[in-house]
Amino acid sequence: MLIVLLVALVVGVGVIYSSIIEPQCLKIRRLSVTFQDLDQTVRILFASDFHANVGQAGRLKRLVNRLSEFERPDFLIFGGDLLHKGTGLVAVKQILAILRSLDLPTFAVLGNHDIMSGQGGETSLKQLLEEYGIGLLQNAEVVIGVIGQKLPIQLFYPSQYREVASKMSLLSSIDQASSPRILVCHNPDGIYLPIAGEPPQLVLSGHTHGGQVFWLLWVRGRLKRLIQNFLPAGSFESFAGFKPVGSQVILVSRVVSGRPFRCGRTPEIHLVELRPTH
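Scope of this entry: the structure provided in the associated data block.

Parameters and conventions
Residues numbered from 1 in each chain as written. Predicted model: local features only at pLDDT ≥ 70, side-chain atom pairs only at ≥ 80, totals over all residues. Heavy atoms only, no water. Helix = DSSP H or I, 4+ residues; strand = E, 2+ residues; numbered from the N terminus. Contact = heavy atoms within 4.5 Å. Areas by Shrake-Rupley, 256 points an atom, 1.4 Å probe, with all protein chains shown as cover. Pairing = 2+ DSSP bridges. Salt bridge = Lys/Arg side-chain N within 4 Å of Asp/Glu carboxyl O. Buried < 20%, exposed > 50% of the residue type's maximum accessible area, 1.4 Å probe, protein only. Arc of directions from axis to C-beta. Polar contact = N/O pair within 3.5 Å; in protein donor to acceptor, adjacent residues only side chain to side chain.

1. Some details on the overall build of the protein
The helix and strand inventory of the protein stands at seven helices and twelve strands. Contacts spanning at least 24 positions in sequence make up 77% of the contacts within the protein whose residues lie at least 6 apart. When the accessible surface of the protein is totalled, it reaches about 13200 Å², and 58% of it is carbon and sulfur.

This is the structure we're talking about:
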């Protein structure tokens, strides 16, 4: 009987922690990448996978206040999945209103949940981003001037595994200039897309959520052979972190959302510093 009570207690504490406590945490992680073609340091605030809900407002306000402890970012990038499939835009409006107080040039790509919300949800989200002055980039690039430094941001969508191959040709028209190149894609498997000219030095992505719950990754590892039948070779699956892939570096964020559980995979936003080699 005592053993049953202890097991119930451990399970109860685990459920409370993973469903209430850890999802409300939100860390700012600072990373640094060296770029050969930069004249000065450029800072990107990267946030992905909000899966918006009204409960996020409090922790986002606390995060915005904490950002004053760091050097001011030059711009903000959303890595997709602002929406959660089947939810409305009320929570997204709260998020955008809070982050607008940072007064940063902001860009976004769509994620699979944004697209799965249906044509009405996707269209409404695009209109909302335009209303807030956020540049939505779809299979296109933008050259951002940071105190005279040109910085092409190369983005594509959508993010579903099965849709990646059909979008490969859309990146062939990207400018092949020698200025710094960054690819932002919701799904990290986008790193395997063929891009004209030199590959981007940095890839920013989300989508995997880092597996959400660390012990489920052990189970996933045991089922790896089965899972691989449904994913392309080299897929990042549940990976999260900073990793060199050939001549490139990829950041796969554990993302902002705490849905529905988090255990050992604390939500995060990244402050990425691009530093010149000299």
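Having seen it, we continue.
2. Overview of the sheet that holds strand E1 (residues 27-35)
The strand order across the open sheet built from six strands is E1-E12-E2-E3-E4-E5, with neighbouring strands paired in mixed fashion. With partners counted over all chains shown, the strands left at the sheet margins are E1 and strand E5 (135-136), one partner each. By the bridge criterion, three bridges tie strand E3 (residues 75-78) to strand E4 (residues 106-108) in an arrangement that is parallel. Each residue of the ladder has a partner; that of Phe 78, found in E4, is Ala 108.

3. Details of the pairing of strand E10 (residues 241-245)
With five bridges joining them, E10 and strand E11 (residues 248-252) adopt antiparallel strand pairing. By the bridge assignment, Pro 244 is partnered in E11 with Val 249. Counting the residues between successive antiparallel strands, the hairpin from E10 to E11 contains two residues, one of them, Gly 246, with a positive phi of roughly 65°.

4. Thoughts on the pattern of salt bridges
Any two side chains of opposite charge can pair, given that their charged atoms come close. Counted according to the given criterion, the structure contains five salt bridges. Between Arg 30 and Glu 273 there is a salt bridge; the shortest N-O distance is 2.7 Å. Within this pair, whereas Arg 30 is found in strand E1, its partner Glu 273 is found in strand E12 (residues 268-276), the two being separated by 243 residues in sequence. Exposure remark for Arg 30: the relative accessible area of 39% places this residue in the partly exposed category. For Glu 273, a relative accessible area of 2% translates into the label buried. A salt bridge links Glu 273 to Arg 43; its shortest N-O distance comes to 3.1 Å. In this pair, Glu 273 is assigned in strand E12 and Arg 43 in strand E2 (residues 42-47), connecting sequence segments 230 residues apart. Judged on exposure class, the residue Glu 273 and its partner Arg 43 are both buried. Residues participating in the shared-partner salt-bridge network are Arg 30, Arg 43, Glu 71, Glu 273 and Arg 275.

5. Things to note about helix H3 (residues 90-100)
Of the residues making up H3, those classed as buried are Ala 91, Val 92, Ile 95, Leu 96, Ile 98 and Leu 99. In a view along the axis of H3, the buried residues occupy a sector of 160°, so they form one face of it.

6. Some points on the side chain of Ser 48
Among the structural elements, Ser 48 can be located in the loop between E2 and helix H2 (57-66). Within the structure, the side chain of Ser 48 is placed 3.3 Å from the backbone oxygen of Gly 79, a separation counted as a polar contact. The residues touching Ser 48, leaving out its near neighbours within four places in the chain, are Gly 79, Gly 80, His 186, Gly 206, His 207, Val 255 and Val 256.

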